[in-house]
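Close look at the chain arrangement
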Amino acid sequence: MTETPRGRTLEFQILRYNPQEPGAVPRMQTYTLDEADGMTLFIALNEIREKQDPSLQFDFVCRAGICGSCAMMINGRPDLACRTLTRNLGLETTLAPLPVFELIGDLSVNTGKWMRTMSERLETWVHMKEEGVDFKRIEAPMDADLAEKIYELDRCIECGCCVAGCGTARMREDFVGAVGLNKIARFRLDPRDARTDADYYELIGDDNGVFGCMSLLACHDVCPKKLPLSTQIAFMRRKMAGMGWNQEKP
Amino acid sequence: MNIIYTDVLVIGGGLAGLRLAIGARRRGHDAIILSLVPAKRSHSKAAQGGMQASLGNAAKGQGDNEDVHFEDTVRGSDWGADQEVVRMFVNTAPKAVRELAAWGVPWTRIRKGDRQVVINGQKVTITERAEADGLLSQRDFGGTKKWRTCYVADGTGHAMLTAVADQAIAESIPVHERTEALALIHDGKRCYGAVVRDLVTGALSAYVARATAIATGGAGRLYRNTTNAVISEGIGSAIALETGHVALGNMEAVQFHPTTIFPAGILMTEGCRGDGGLLRDVDGHRFMPDYEPEKKELASRDVVSRRMEEHIKRGKGARSRFGEHLWLDITLLGEHHIKHNLREVWEICHYFLGVDPVKDLIPVRPSQHYTMGGVRTRPTGESPTLRGLFCAGEAACWDMHGFNRLGGNSVAETVVAGMIVGEYIADFCSSPAADATIPTALIREFVEREQAKLDAMVKRGQGEDASLIKREMQEIMTGKVGIFRTGSELDEAVESLQKLLVRSRRIALKAHSPGSNPELVTAYRVQKMLKLALTVAHGAQVRTESRGAHFRQDFPRRDDAQWLKRTLATWKDEYDTLPTLAYEDLDVKRMELPPGWRGYGAKDYIDHPDTAARQAEVEAARGRNAGTDRFALQEALMPYEQLLPEVLRGRNERLDERFDEPLPKAAA
């Protein structure tokens, strides 16, 4: 195990703003904390809240890097706070809420609402070929490698890092983000989904979909699950461009 | 006063709550799901290793069926489970896993032919059947006779939750995220819904429903060291307890998972050991075979956790500045296996410990993991004492886990219970029994009472600190109500917790920020959590035997003569400092599998006076039914199918148990 440097005092500059408070304005507030062994931002923020400032708002759920609740801007870069070890940070750390999403307060943002809207729009579920499942019978087989490829894209935790890092998302309120495009790529790969490229074109064949992406690729760089986002977006763009070409042809 | 009406109010947006809401919705009833967090962030997400369902596809799962799954689960429970409920569960699990396959869960599939696996520390080649190619794969888990655990690498809960949460969106079921039920609205006989707090604005509303379902998961955060998410504080169970009319069953039955990273307590799936990982001590010695020659690392979780702590007490723990621990060794599985089938494990080791499990050992020690107890219900999920209240999943005690749950049975239970209870809720809502004359005065009274409680804490100038009280509670639970329990320590724990409960009535806040106010959230939750902690500690104090995960050093034997019964805890008066305990006998005369030795763990136990006679009856029935099929024998021993909703009845097809009719073309 890597050792934590002994005896550091850490300084956290945290963006504070409670929209529920009439007349409140955003400000930076500084907290200092003695570093402990194996300290993560989950531990640090909870300690600040318990011992220094009980009003500080932030979100953690699993604290194990699998649920996607705790994404925030850590020194200007979106990442999961729970698995960020303070020993990998300098003496001063700036924490801010993810941009793009509706702010709830301090470091807490409403990713859930954004993701639900995106899911409803892109219909992010398997559109079954037949109604009903005869679940008493042996399941339909699937190629083992294909199942693994689908899982690779299914690992998205909807943390919002890709959206927070996205240039298009800043400019286009309705852009579905890498998270949305990756989901379509995932269902496109899944033979259980009855939808065709023409259906997917209806969902993402515009500037709020795959053609809105400017290929800045921050989504790919900041994805905590290291999903192959740039490859998937490029692939979907090629497929959708072909689709559009065929559809728009006189 | 804001009042929201619906048919089914589901409290909890994890797998159980989502699946039962989908069931009710598909039967034409409206449902609203309340969730502390976005549904896909629920703790169901954290299930890594897999879901037990006796498909018997994999070579090492061949011969598996409901009967084997049933016996494993009952033995695992140390005979504390309701055997009829276990039967309902094992018959529905294959249907649940196949439904999820159709819904898009990318289950890990079988590749036909030879593959190398690690069994008992040895590399072994097994050959998968050609006809199993592409079907759901199974891996080995603790306490099971066959490889039965279906999985999606080690992100099973994640993949299941994603698919089921998306199905709920497909069904247009609203999830009211960041809301919390503070109290059930009831008149002592009928539940009418809940008082709900908005965790963004802090405002209270009443949600009024024909049926209310609690699916809020476990209460791991009663403990300092737990694998559970920070939202697993048992508040759903606590509000049921606070009605005074609903019993919590077997709250003293608390599971400790053997392999959680030390000291953070994050789960390392049982799949690590199921796939061939070993436990080693300070000397690098593999110690489990010394204690458990039959099942070794793959005995049930209660047994492995105790053996680990026992080994540490013998001075064989590795030392670190945080204390002592043991080592989990998965290096023998190889890089390809770890990076494909145990990738979350790899990530967690990498990010939290800075170790590479391909080459390095993982420091582990047991932590609290699962709440076997919960809201006591009938096999239908309905409360026997408060009409219109249902409960499913980890929050419930219906009771399929008894005193110890097998790995892979909880995530399976979430969807199975969601399917079963969803049907029964729909039946209830379709029947005149669900008609309710809802007294608005009662609703107003409940909302005002909750508002007054919150206001008192906000306005009280001087008083106790909520997070200090919470920390003290967690220390007491981990220190004195843990893996090894003694009467004297439990006495101390109960006394200290009672004092804390009294102190918690004097909590004053330091922060008065408008909105949700995180300090206020901690304050009202810790008052509820202390009541739960007392049901655990007091239940453990009174139960003078050892059964499953409840281990009393001063009463080390399982005592069926005295204790083959389920604890029922109620909270009679708001100002009580102890739950009232009552007991419900388990009827040996109706058991399909009468009590005996589990096949691992301690061999001495005290028999129930009816056990010998029942055992003789069971053997006679086996004799009479020799030569008939297994279903006839089962039916003769303990008929249960009438307990299942009609759509979930019926046999499950397997490669070795084919139905006569050919598969429909699309699936073949």
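Everything numeric here is computed off the predicted structure, so don't read it as measured data.

Considerations on the overall build of chain A
A count of helical and extended segments in chain A gives nine helices and seven strands. Principal-axis analysis of the C-alpha atoms places the extent of chain A at approximately 65 × 45 × 30 Å. At a minimum sequence separation of 6, the contacts of chain A that also span at least 24 residues come to 64%. Surface exposure of chain A reaches about 10,700 Å², of which carbon and sulfur atoms provide 50%. Chain A carries 31 positive and 37 negative side-chain charges, and their two centres are separated by 3 Å.

Concerning the sheet that holds strand E23 (residues 580-585) of chain B
Residues and elements named next belong to chain B. The five strands are arranged E20-E18-E12-E22-E23 in an open sheet whose pairing can be described as mixed. With partners counted over all chains shown, the strands left at the sheet margins are strand E20 (396-397) and E23, one partner each. With two bridges connecting them, strand E12 (residues 248-249) and strand E18 (residues 374-376) associate as antiparallel partners. Residue pairing for E18: Leu248 is matched across the bridge by Val375.

Some words on the pattern of salt bridges
All names here are of chain B. Applying the stated criterion to the full structure yields 93 salt bridges over all chains. A salt bridge links Arg27 to Glu423, with the shortest nitrogen-to-oxygen separation between them at 2.6 Å. Taken together, the residues span a long stretch of sequence, with Arg27 in the loop between helix H1 (15-26) and strand E2 (31-35) and Glu423 in helix H11 (residues 409-430) at a distance of 396 residues. Residue Arg27 is classed as partly exposed on the basis of its relative accessible area, which comes to 33%. The exposure class of Glu423 is buried, given its relative accessible area of 16%. One salt bridge connects Arg307 with Glu292, and the closest N-O pair in it is separated by 2.8 Å. A residue pair is termed long-range when its members are at least 10 positions apart, and Arg307 in helix H8 (residues 301-316) and Glu292 in the loop between helix H7 (288-291) and H8 qualify at 15 residues. Taken as a pair, Arg307 and Glu292 share a single burial class, namely buried. Here the salt bridges do not stand alone but share partners, grouping Asp78, Glu252, Asp302, Arg306, Arg543, Glu545, Arg547, Arg558, Asp560 and Arg598 into one network.

Here's the deal with the packing of helix H13 (residues 466-480) of chain B against helix H14 (residues 487-504) of chain B
Residues and elements named next belong to chain B. H14 packs onto H13 with a crossing angle of 170° between their chain directions and a minimal axis gap of 10 Å. Judged on the interaxial angle alone, H14 and H13 are roughly antiparallel. Here Ile469, Glu472, Met473, Ile476, Met477, Gly479 and Lys480 of H13 lie close against H14, whose contacting residues are Glu489, Leu490, Glu492, Ala493, Ser496, Leu497, Leu500, Arg503 and Ser504. Looking at the contact of H13 with H14 residue by residue, the classes come out as eight nonpolar, three polar and five charged.

Some words on unusual backbone geometry
Residue Pro263 of chain B is bonded to the preceding Phe262 of chain B through a cis peptide linkage, with omega at 5°. With respect to the element layout, Pro263 of chain B can be found in the loop between strand E13 (254-261) and helix H6 (271-274). Of note, the amide linkage connecting Trp398 of chain B to Asp399 of chain B takes the cis form, showing an omega dihedral of 15°. With respect to the element layout, Asp399 of chain B can be found in the loop between E20 and H11. Despite not being glycine, Lys226 of chain A shows a phi value in the positive range, around 55°. Topologically, Lys226 of chain A is positioned in the loop between helix H8 (218-222) and helix H9 (229-248).

Rules and cut-offs
- Residues numbered from 1 in each chain as written.
- Chains lettered and ligands numbered in written order.
- Predicted model: local features only at pLDDT ≥ 70, side-chain atom pairs only at ≥ 80, totals over all residues.
- Heavy atoms only, no water.
- Helix = DSSP H or I, 4+ residues; strand = E, 2+ residues; numbered from the N terminus.
- Contact = heavy atoms within 4.5 Å.
- Areas by Shrake-Rupley, 256 points an atom, 1.4 Å probe, with all protein chains shown as cover.
- Lys, Arg positive; Asp, Glu negative; His and termini not counted.
- Charge placed at Lys NZ, Arg CZ, Asp CG, Glu CD.
- Pairing = 2+ DSSP bridges.
- Salt bridge = Lys/Arg side-chain N within 4 Å of Asp/Glu carboxyl O.
- Buried < 20%, exposed > 50% of the residue type's maximum accessible area, 1.4 Å probe, protein only.
- Axes fitted to C-alpha atoms, helices over the stretch in contact; angles between N-to-C directions.
- Parallel < 35°, antiparallel > 145°, perpendicular 65-115°, else oblique.
- Nonpolar A, V, L, I, M, F, W, Y, C, P; charged D, E, K, R; others polar.

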